[in-house]
Amino acid sequence: MDFLDSLGPAFLGLQLYRLLGVIDGQGNEVLKQSDFPYPSRIASTYVVLMRDGPSSLTQIGKRLGMPHQLVAQRAKLMQTEGLVEYVPDPTDGRRTFLQLTAKGKAEAKKLTATFEQVSAVYEDVFEEIGVDLFDAMLKFRSALERASIAQRRPKAAVSVDAATNH
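Heads up: these notes are all about the structure in this document. (Residues numbered from 1 in each chain as written. Predicted model: local features only at pLDDT ≥ 70, side-chain atom pairs only at ≥ 80, totals over all residues. Heavy atoms only, no water.)

### Notes on the overall build of the chain
If you tally the helices and strands in the chain, you get eight helices and two strands. Its helices and strands in sequence order give the chain the pattern α-α-α-α-β-β-α-α-α-α, from N to C terminus. For the chain, whose C-alpha radius of gyration is 21 Å, the value lies well above the compact-globule estimate of 15 Å for 166 residues. By principal-axis analysis of the C-alpha atoms, the chain measures approximately 70 × 45 × 25 Å. Within the chain, the fraction of its 166 residues that count as buried is 24%. Contacts in the chain between residues at least 24 apart in sequence constitute 44% of all its contacts with a sequence separation of at least 6. As displayed, the chain offers around 11900 Å² of accessible surface, 58% of which is attributable to carbon and sulfur atoms. Here the chain contributes 20 positively and 20 negatively charged side chains, and the mean placements of these two sets differ by 8 Å. (Helix = DSSP H or I, 4+ residues; strand = E, 2+ residues; numbered from the N terminus. Rg over C-alpha atoms; globule rule 2.2 N^0.38 Å. Buried < 20%, exposed > 50% of the residue type's maximum accessible area, 1.4 Å probe, protein only. Contact = heavy atoms within 4.5 Å. Areas by Shrake-Rupley, 256 points an atom, 1.4 Å probe, with all protein chains shown as cover. Lys, Arg positive; Asp, Glu negative; His and termini not counted. Charge placed at Lys NZ, Arg CZ, Asp CG, Glu CD.)

### Quick word on the pairing of strand 1 (residues 84–89)
In regular strands, side chains alternate between the two faces of the sheet. Summarising the sheet, strand 1 and strand 2 (residues 92–100) pair through six bridges and their orientation is antiparallel. Bridging from a neighbouring strand, Val 84 pairs with Leu 100 of strand 2. As consecutive antiparallel partners, strand 1 and strand 2 are separated by two residues. (Pairing = 2+ DSSP bridges.)

### A closer look at the nonpolar core
With 18 residues, the main nonpolar core has Phe 36, Ile 42, Tyr 46, Leu 49, Met 78 and Leu 98 as its most contacted residues. Where this core is concerned, the elements lending two or more residues are helix 2 (43–52), helix 3 (57–64), helix 4 (68–80), strand 2 and helix 5 (102–129). The residues touching Leu 98, leaving out its near neighbours within four places in the chain, are Leu 49, Gly 53, Pro 54, Ser 55, Leu 57, Ile 60, Ala 75, Val 84, Glu 85 and Tyr 86. (Core = buried A, V, L, I, M, F, W, Y, C linked by side-chain atoms within 4.5 Å.)

### Points about the packing of helix 2 against helix 5
For the pair helix 2 and helix 5, the least separation of the axes is 11 Å and the interaxial angle reads 110°. In terms of orientation, helix 2 lies roughly perpendicular with respect to helix 5. Handedness of the helix 2/helix 5 crossing: left-handed. Counting all contacts with helix 2, which are made through Ala 43, Tyr 46, Val 47 and Met 50, the residues of helix 5 involved are Gly 104, Glu 107, Ala 108, Leu 111, Thr 112 and Phe 115. (Axes fitted to C-alpha atoms, helices over the stretch in contact; angles between N-to-C directions. Parallel < 35°, antiparallel > 145°, perpendicular 65-115°, else oblique. Left-handed = near helix turned anticlockwise from the far one by under 90°.)

### Some points on unusual backbone geometry
For Asp 35, which is not glycine, the phi torsion reads 60° and is therefore positive. Within the fold, Asp 35 resides in the loop between helix 1 (12–33) and helix 2. Given a relative accessible area of 52%, Asp 35 falls into the exposed group.

### A few points about the environment of Leu 16
Mapped onto the fold, Leu 16 is located in helix 1. Taking relative accessible area as the criterion, Leu 16 reaches 38% and is therefore assigned partly exposed. C-alpha separation for the pair Leu 16 and Ser 148, spaced 132 residues apart in sequence, amounts to 18 Å.

### A short note on helix 4
Taking 1.5 Å per residue as the helical rise, helix 4 with its 13 residues ought to reach 18 Å, and the 18 Å between its terminal C-alpha atoms agrees with that figure. All of the buried residues along helix 4 are Val 71, Arg 74, Ala 75 and Met 78. The buried residues of helix 4 occupy one face: seen down the axis, they fall within an arc of 105°. Helix 4 presents Gln 69, Gln 73, Lys 76 and Thr 80 as exposed residues on the side facing more than 90 degrees away from its buried surface. (Expected span 1.5 Å × (residues − 1). Arc of directions from axis to C-beta.)

Keep in mind these numbers describe shape, not what the thing actually does.
Here is the structure:
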């Protein structure tokens, strides 16, 4: 157990950040092996475009629960790589939609097969550790959305300032 592991559940966010780093790094390696030489961080934007078709950055952000600026950064990378292009909204000339290019659609096929393989790997790991981490995370987030950490915190908790004034 390293120092960060010893900090306990109060540092769950830090542990999730570390886990995300492992998943991102290993995900990038898997994508390279799948002849998809783009970073894994664009995968979620890709999925929205594959499922929903042309979408505005705002629509993509809402669908993914991500800030507009983060989606814009990913879209810029995808555009630079020739995977997406902007097209005018046929009903509102002031707006544009992001859509997959022919190259983007061809690359999407590789991504779809890789998603299925990675899902199977995660299910194997969940079985190995005895926890469906995906399901547990969904339940955990839902529980915190129902009642926040602050709401769940014991009412008898004494603040540091109050404790030092005695």
